[in-house]
Amino acid sequence: MTLAQIIPLVLTASIFLNVLALGLAANLEDATYLFRRPWLLLRAVLSMNVLMVLIVVACASIFDLTFPVKVVLLALAVSPVPPLLPTKERKHGATRSYAVGLLVSAVLLSLVFIPSSIEWIGQYFGRETHVSASDIAPVILISAIVPLAIGILVHRLMPDLAEKFVRPVSLLSMILLVLGALPILLTMSGAIWTTIVNGSLIALACFTLIGLAVGHILGGGPDPGNRTALALATCSRHPGMALTIASLNFPDQKAEFMAVVILHLIVGALVSIPYLRWRISRDRVAWTPP
């Protein structure tokens, strides 16, 4: 087995373990949280699956973006939240139920939203594009549904054991993520640099900024941490799903798509820092000791 074959397996294992750790600390009520709160679910769908898609389509129509960047941005806009996101959302004040519920609802609804959105986007730009539910189902199952279901089941049947394994499983997940990501960054540094110098950096930064703004505005509610969670969910999308969507329709440009996706992850993380710091400082000001 070559290194090129091992790296995707390592990254897949990392995502699987991360969601498994999330499930070990969750329950079925967390997973169905948004489905039992239609108003919160509607706001999340409007933020991630409607407004963000329309804004990105408008930007792709108006601005002169390179083809790989345009395709990846559109693919990111229709993709669900990344499986690693709920952990980050919890660190920034989101309730466990909202973070888990947002992940579950986003990945399940993506089976409907992705095929229909891609079909509409293709018609809008006059290109033949197509992604079926069967194309994305394996990614959703492996990266979210199966590990989360296993974790929730273990939590229900053996809560003490589940609690004991949350931290080791999460730590192993992060180790595998670093081991899998570093070789990609090193081998694709040239392609990533090309994407930077052609001006695509600004487009990727704008994607994150717009997503943060849309999610923040629509994430209002009694819990300020959930506002931050929706902002992160709207600007941070499933990289594997976006790459799958782009590669299925334009298989000859997979390397360029991967470079843009990786750059999106880096730029998104950096651009989000000021917003997250602002939210943390705001929460500290709002909190008064008993």
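The paragraphs below set out a description of the structure included in this document.

### Brief notes about the environment of Leu161
And step 1. Counting through the fold element by element, Leu161 comes out in helix H8 (residues 159-187).
And step 2. Remark: the alpha-carbon pair of Leu161 and Leu24, spanning 137 residues in sequence, is separated by 8.9 Å.

### Examining the state of the cysteines
Working definition of a disulfide: a covalent bond connecting the sulfur atoms of two cysteines.
And step 1. According to the stated counting rule, one finds 0 disulfides in the structure shown.
And step 2. For the unlinked cysteine Cys59, the closest cysteine sulfur is that of Cys206, found at 7.4 Å.
And step 3. Overall, the relative accessible area of 24% leaves Cys59 in the partly exposed class.
And step 4. In this structure Cys235 is not part of a disulfide, and its nearest cysteine sulfur, from Cys206, lies 13 Å away.

### Notes on the side chain of Ser117
And step 1. Within the secondary structure, Ser117 sits in helix H6 (residues 96-125).
And step 2. In this structure the side chain of Ser117 is engaged in a polar contact, spanning 2.6 Å, whose partner is the backbone oxygen of Phe113.

### Comments concerning a nonpolar patch on the surface
And step 1. Residues Leu46, Val50, Leu51, Leu54, Trp120 and Tyr124 make up a contiguous nonpolar surface patch of roughly 490 Å² in combined accessible area.
And step 2. If you list the elements that add at least two residues to the nonpolar patch, you get helix H3 (38-62) and H6.
And step 3. It is H3 that contributes the most residues to the nonpolar patch, 4 residues altogether.
And step 4. Within the element layout of this structure, Leu51 appears in helix H3.

### Some remarks on the packing of aromatic side chains
And step 1. Tallied over the full model, the rule gives 4 aromatic pairs.
And step 2. Judged by centre distance (5.9 Å) and plane angle (50 degrees), the rings of Tyr275 and Trp278 are tilted. Taken as a pair, Tyr275 and Trp278 lie in helix H12 (residues 254-286) at a separation of 3 residues, close to a single helical turn.
And step 3. With a relative accessible area of 11%, Tyr275 lands in the buried category.
And step 4. Linked through ring pairs, Trp120, Tyr124 and Phe125 together constitute an aromatic cluster.

### Quick word on the packing of H3 against helix H4 (residues 67-78)
And step 1. Two elements in contact, H3 and H4, have axes separated by 8 Å at closest approach and are oriented at 170 degrees. Accordingly, the angle class assigned to the pair H3 and H4 is roughly antiparallel. In the packing of H3 onto H4, the handedness of the crossing is left-handed. Listed contacts from H4 to Met48, Met52, Val53, Val56, Val57 and Ala60 of H3 are Lys70, Leu73, Leu74, Ala77 and Val78.
And step 2. Residue classes in the contact of H3 with H4 are distributed as 10 nonpolar, no polar and 1 charged.

Criteria and thresholds
- One numbering rule holds for all chains: residues counted from 1, following each sequence as written.
- With pLDDT at 70 or above as the cut-off, local features in this predicted model cover only qualifying residues; side-chain atom pairs require 80 or more to be listed or tallied, and sums for whole chains, interfaces and linings still use all residues.
- Just so you know, side-chain values use all the structure's heavy atoms and leave hydrogens and water out.
- Secondary structure elements are taken from DSSP: a helix is a run of H or I of four residues or more, a strand is a run of E of two residues or more, and numbering for both begins at the N terminus.
- In this description, a disulfide is simply a cysteine sulfur pair whose atoms lie within 2.5 Å.
- Throughout, exposure labels follow a simple rule: accessible area from a 1.4 Å probe, protein chains only, divided by the maximum for the residue type, with under 20% read as buried, over 50% as exposed, and the rest as partly exposed.
- In protein, a polar contact requires one atom able to donate a hydrogen and another able to accept it; more generally it is a pair of N or O atoms within 3.5 Å, and residues adjacent in sequence count only if both atoms are side-chain atoms.
- Every patch collects residues that have over 30% relative accessible area and no salt bridge, joining them within 9 Å if they carry like charges and within 5 Å if they are nonpolar side chains (Val, Leu, Ile, Met, Phe, Trp, Tyr).
- Residue-level accessible areas treat just the shown protein chains as cover; the underlying method is Shrake-Rupley with a 1.4 Å probe.
- Salt bridges, as used here, are contacts in which a Lys or Arg side-chain nitrogen is within 4 Å of a carboxyl oxygen on Asp or Glu.
- Note on ring pairs: Phe, Tyr and Trp rings are taken, using the six-membered ring of Trp, and paired if centres are within 6.5 Å. Classes follow the plane angle, with under 30 degrees stacked, over 60 edge-to-face and the rest tilted.
- A fitted line through C-alpha atoms serves as each axis, taken over the contacting stretch for helices, and the angle formed by two N-to-C directions is quoted from 0 to 180°.
- Throughout, the term roughly parallel applies to angles under 35 degrees, roughly antiparallel to angles over 145, roughly perpendicular to angles from 65 to 115, and oblique to all others.
- A crossing counts as left-handed when the near helix is turned anticlockwise from the far one by less than a right angle, and as right-handed when that turn is clockwise.
- We call two residues contacting when some pair of their heavy atoms lies within 4.5 Å.
- Gly is put with the polar residues, along with every residue not named as nonpolar or charged; the nonpolar set is Ala, Val, Leu, Ile, Met, Phe, Trp, Tyr, Cys and Pro, and the charged set is Asp, Glu, Lys and Arg.

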